[in-house]
Amino acid sequence: MINVDITRTKSLVTDKELDLIAPRLAAAHDTLVAGTGAGSDFLGWVRLPDEIDREELARVKKCAEKIKSDSDVLVVIGIGGSYLGARAAIEFIKGNTYNQRTGGCPEVYFAGNNLSTDYLNEIIEIIGDRNFSINVISKSGSTTEPAVAFRLFKNLIEKKYGKEEAKHRIYATTDKCRGALKNLATNEGYETFVVPDNIGGRYSVLTAVGLLTMAVAGIDIDAALLGAKKAMDKLTVTKDFSNPAWTYVGARNVMYEKGKKIEILACFEPKFKYMAEWWKQLYGESEGKDNVGIFPASVEFTADLHSMGQYIQQGERILMETVVSLGKPASDIIVPENPEDFDGLNYLAGKSVDFVNENAYKGTAIAHEDGGVPNMCISLSGSDAESFGYMVYFFEFACGLSGYTLGVNPFDQPGVEAYKKNMFALLGKPGYEELLKEILEK
């Protein structure tokens, strides 16, 4: 269901160089699949399609149906891996305008991923007098951004329904045994789902972390898991360059070692925007440590060809590009003829918009390669739930493989904590008084 074409990297990535990196890929592959490397406590996602908790999956589906029956809006509260995957799934499968055409499912809004007063007030205004539910997702329950948002919406829902009814409209996905959110959920009687101990947040979209929100939006989560299962069966077993993960990881790491420090992930479909955001977290947190790592960036074509295109074409030559192709659209639009030909586009009359888009991609790929930006193409068979599941697993597996090939632990993120300590000190959190003094002296 995924093909990786590296033809347009051949100025840098030769067959000889792939042969040279193959032993490193094989060692990284064995380490990842066997679970013998750094971060091995967080490899639950590798076998997740086979080992997912079926009882919990059934409860996810049941709760999704309840939310569909009693709510016009679902507010999903989380940050990073607690929301990006689900948002990516909704937009990838249902489109950017899902909330304007839900097909009878609740509208879905995401909170707790920033600290913007205006943003929170906009969601409250959108809810208005309508019925709503909350899906709060946090391993600890004390992460600042989602904790602030949950306090706000918890207060709102309890004022609207009273505590007794409100507790049947709040769903918590959190640690199995401990933490502030788990304790609250137990005390209040919320329906709870588990953030698995052996799966890090950025790898968790195909657990209850993402599946409940996806199911509420009318996505076939069984199909998504089937896609991931098909990817698992292919990618974990095949140890050569017929494995698309090997091709992708091998090429990008050869280019990195030749000075291509930034990877741009691009797509010519707006529905891919949050998939790219999810990908950036996955690769940024997994590879960016020990002063190494490819910097993950993203662009949305063709729109960004009119803004970022100049730099990509002629800026510093530190870029590589990966373009994701989603296959043919479900339906197409034909460019009409105009008698006056006022815009000079009658040469396109009778051609499909997808044909125009496809040739925009081909022209861009040639231009960028000629300009010194090698580009790979990852082709999918579609943008349905099964394709989504396959793609998620592909990028996760490739990320683990790439991290071990680079020589880093792909499953920790020690640098993420640095800003939090400073923020806590500036906010006056108890226990951070000495750090506050240090900050004020700088």
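Conventions we followed
- Residues numbered from 1 in each chain as written.
- Predicted model: local features only at pLDDT ≥ 70, side-chain atom pairs only at ≥ 80, totals over all residues.
- Heavy atoms only, no water.
- Helix = DSSP H or I, 4+ residues; strand = E, 2+ residues; numbered from the N terminus.
- Buried < 20%, exposed > 50% of the residue type's maximum accessible area, 1.4 Å probe, protein only.
- Polar contact = N/O pair within 3.5 Å; in protein donor to acceptor, adjacent residues only side chain to side chain.
- Contact = heavy atoms within 4.5 Å.
- Expected span 1.5 Å × (residues − 1).
- Axes fitted to C-alpha atoms, helices over the stretch in contact; angles between N-to-C directions.
- Left-handed = near helix turned anticlockwise from the far one by under 90°.
- Nonpolar A, V, L, I, M, F, W, Y, C, P; charged D, E, K, R; others polar.
- Pairing = 2+ DSSP bridges.
- Right-handed = clockwise from strand over helix to strand, strands pointing away.

> Honestly, the side chain of Lys289 in this entry has me stumped. Any pointers?
Tracing the chain through its elements places Lys289 in the loop between helix 11 (273-287) and strand 8 (295-300). Look at Lys289 and you get buried, because its relative accessible area is 10%. Engagement of the side chain of Lys289 in a polar contact is seen with the backbone oxygen of Asn409, the distance being 2.8 Å. Within polar-contact distance, the side chain of Lys289 engages the backbone oxygen of Asp412 at 2.4 Å. If we ignore the near neighbours within four places in the chain, the residues touching Lys289 are Arg202, Val408, Asn409, Pro410, Phe411, Asp412 and Gln413.

> What exactly am I supposed to notice about helix 11 here?
The end-to-end C-alpha distance of helix 11, which contains 15 residues, comes to 21 Å, matching closely the 21 Å that a straight helix rising 1.5 Å per residue would cover. Within the sequence span of helix 11, burial applies to Tyr274, Met275, Ala276, Trp278, Trp279, Gln281, Leu282, Tyr283, Ser286 and Glu287. Those residues of helix 11 that are buried lie in contact with helix 4 (84-94), helix 10 (244-257), strand 7 (262-267), strand 8 and helix 14 (385-406).

> Where do I start with the packing of helix 3 (residues 54-70) against helix 8 (residues 208-216) in this structure?
A pair of packed helices is captured by two measures, namely the crossing angle of their axes and the spacing between those axes. Direction vectors running N to C along helix 3 and helix 8 enclose 35°, while the axes themselves pass 8 Å from each other. In the packing of helix 3 onto helix 8, the handedness of the crossing is right-handed. Between helix 3, through Glu56, Leu57, Val60, Cys63, Ala64, Ile67 and Lys68, and helix 8, the contact on the second element is made entirely by Ala208, Leu211, Leu212, Ala215 and Val216. Its residues placed into classes, the contact of helix 3 with helix 8 shows ten nonpolar, no polar and two charged.

> It is not clear to me how the pairing of strand 6 (residues 191-194) should be interpreted in this structure. Could you clarify?
Put simply, side chains in a regular strand alternate between the two faces of the sheet. As paired elements, strand 5 (residues 170-174) and strand 6 share four bridges and run parallel to each other. Residue pairing for strand 6: Ala172 is matched across the bridge by Thr192. For the handedness criterion, the β-α-β arrangement of strand 5, helix 7 (residues 180-188) and strand 6 is classed as right-handed.

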